[in-house]
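Spelled out, the chains give:
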Amino acid sequence: MCFPASFRPVGSNDTYNRSRRGKRGGVKRKEKHCRIKTIVGNRNRCKTELRKDSVLIPVVTEFTTPSCSTNVKHKSLPTVILTNVRSFMNKKYEIEASLVSHSVQIACITETWANCDIPDSVMSMPGFQMFRRDRLGQRGGGLATFIAEDIPTRRLLDLEINDLEVMWIQLRPHWLPRTVPVLILGLVYHPPSRNNKEGVKEMTDHLIATTDRIFSHQPQAGVMLCGDFNGLPLRPLLAAHPALKQIVKSPTRGSAILDCIITNVAQHYSEPQPLTPGSRVVLIASPPGF
């Protein structure tokens, strides 16, 4: 682009071409680089002044192991007590004392002998949420479960049927093994009068079918079946679900094991032991050695 002579800046053409913007694309020009002189102060760079209102935040440069505290909760599944009481109201205070002294979070109780004339307010215990299933139309039987009130819980009524004394509850304790998303509790009372062929088949089919249904919806669920099975053959159930183990090894009445606990999280529990010799109370501590 040509400028009239009157508009051309004073100086050589090279100086003008180097300084002006909008150079023609593709034309490379050699430019000289000049060193720019700078003045460096004599201030000491390692010394800084802090404002009076400044706050120093300490920085941790290495990891430390926290010290143990008595207030830290053990990472374990809930402690469980299973008992056949044969009239809950006659043994309520004894049961309540056992729950407190052994730090129990779940109490599974069979043969409550409760009925509609006994309100929940009379059976309830402080610090626990209660679920009950009374036998209708005749004396005896009955189920009750007491679960610590800080454990999220939901009763699974859709799994229960009218003719069998079985209660199903879903729990989400504060700690579960990483592979176990939820815990399903089944409380069972199989009366001796139902130990005939028809009664055994009905209870066995229900337990197998319900466990199948649980695992189909929650394949990694932890399952715990607790109750008074009164000699119900458990081999068909254990054969249908090999992950389930019957973990009560000590007799619970005389020389017989009538109260059983069947679970697929047996590795997180110590072997259940009666609280007193010959009693119908089983204490399960978690983890082993707890």
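Residues numbered from 1 in each chain as written. Predicted model: local features only at pLDDT ≥ 70, side-chain atom pairs only at ≥ 80, totals over all residues. Heavy atoms only, no water.

Describing the overall build of the protein chain
Helices and strands together make up the secondary structure of the protein chain, namely five helices and 12 strands. Here the protein chain holds 290 residues, and 42% of them are scored as buried. Partitioning the contacts of the protein chain with sequence separation of at least 6, the portion at a separation of at least 24 is 59%. For the protein chain, the accessible surface area stands at approximately 19200 Å², while carbon and sulfur atoms represent 54% of it. (Helix = DSSP H or I, 4+ residues; strand = E, 2+ residues; numbered from the N terminus. Buried < 20%, exposed > 50% of the residue type's maximum accessible area, 1.4 Å probe, protein only. Contact = heavy atoms within 4.5 Å. Areas by Shrake-Rupley, 256 points an atom, 1.4 Å probe, with all protein chains shown as cover.)

Here's the deal with the confidence of the model for the protein chain
In this model, the protein chain carries a mean pLDDT of 80, and residues with pLDDT of at least 70 account for 69%. Note that pLDDT drops below 50 for residues 46-72; the model gives that stretch one contact with residues more than four away or on any other chain. (pLDDT = per-residue confidence, 0-100.)

Remarks on the side chain of Thr210
Within the secondary structure, Thr210 sits in helix α4 (residues 197-217). Owing to a relative accessible area of 6%, Thr210 belongs among the buried residues under this scheme. For Thr210, the side chain forms a polar contact with the main-chain oxygen of His206, separated by 2.7 Å. Residues in contact with Thr210, not counting those within four places in the same chain, are Leu159 and Trp168. (Polar contact = N/O pair within 3.5 Å; in protein donor to acceptor, adjacent residues only side chain to side chain.)

With respect to the layout of surface pockets
Space inside the second largest pocket adds up to approximately 400 Å³. Along the walls of the second largest pocket sit 16 residues, with Arg135, Asn162, Asp163, Leu164 and Glu165 positioned nearest its centre. For the lining of the second largest pocket, the residue count by class is five nonpolar, five polar and six charged. (1 Å grid on protein atoms, 1.4 Å probe; cavity = no way out; pocket = protein on both sides within 12 Å on 5 of 7 lines; lining within 4 Å. Points joined across faces, edges and corners; volume = space filled by probe spheres on them. Nonpolar A, V, L, I, M, F, W, Y, C, P; charged D, E, K, R; others polar.)

Topic: the sheet that holds strand β9 (residues 245-246)
Read from one edge of the open sheet, six strands run β5-β6-β7-β8-β10-β9, paired in mixed fashion. For this open sheet the edge positions go to β5 (153-155) and β9, each flanked by a neighbour on one side alone. The sheet strands contacting α4 are β6 (165-171), β7 (183-189) and β8 (222-228), and the helix crosses β6 at an angle near 15 degrees. (Pairing = 2+ DSSP bridges. Axes fitted to C-alpha atoms, helices over the stretch in contact; angles between N-to-C directions.)

Topic: the packing of aromatic side chains
By the definition in use, this model includes one aromatic pair. Residues Phe88 and Phe146 carry aromatic rings whose centres are separated by 5.5 Å and whose planes lie at 15 degrees to one another, so their mutual orientation is stacked. A residue pair is termed long-range when its members are at least 10 positions apart, and Phe88 in helix α2 (residues 88-101) and Phe146 in strand β4 (residues 143-148) qualify at 58 residues. Exposure remark for Phe146: the relative accessible area of 0% places this residue in the buried category. The ring of Trp113 carries the charged tip of Arg139 above its face, separated from the ring centre by 4.3 Å. (Phe/Tyr/Trp six-rings, centres within 6.5 Å; stacked < 30°, edge-to-face > 60°. Lys NZ or Arg CZ within 6 Å of the ring centre and 35° of its normal.)

So, the environment of Asp228
Among the structural elements, Asp228 can be located in strand β8. Residues Asp228 and Ile257, 29 residues apart in the sequence, show an inter-C-alpha distance of 9.1 Å.

Some thoughts on the pairing of β8
Working note: regular strand, side chains alternate between the two faces of the sheet. In terms of burial, β8 is largely enclosed, as seven of its seven residues are buried. Both faces of β8 are covered, namely the face carrying Gly222, Met224, Cys226 and Asp228 and the face carrying Val223, Leu225 and Gly227. The pairing of β7 with β8 spans seven bridges and is parallel. For Gly186, the partnering residue across the bridge sits in β8 and is Leu225.

A closer look at unusual backbone geometry
Positive phi values are uncommon outside glycine, yet Arg86 reaches one of about 50 degrees. Among the secondary structure elements, Arg86 is positioned in the loop between β1 (80-84) and α2. Overall, the relative accessible area of 41% leaves Arg86 in the partly exposed class. In the Ramachandran plot, Trp113 falls in the positive-phi region, its phi being about 60 degrees despite a non-glycine side chain. Among the secondary structure elements, Trp113 is positioned in the loop between β2 (106-110) and α3 (120-123). The partly exposed category is assigned to Trp113, whose relative accessible area is 23%.

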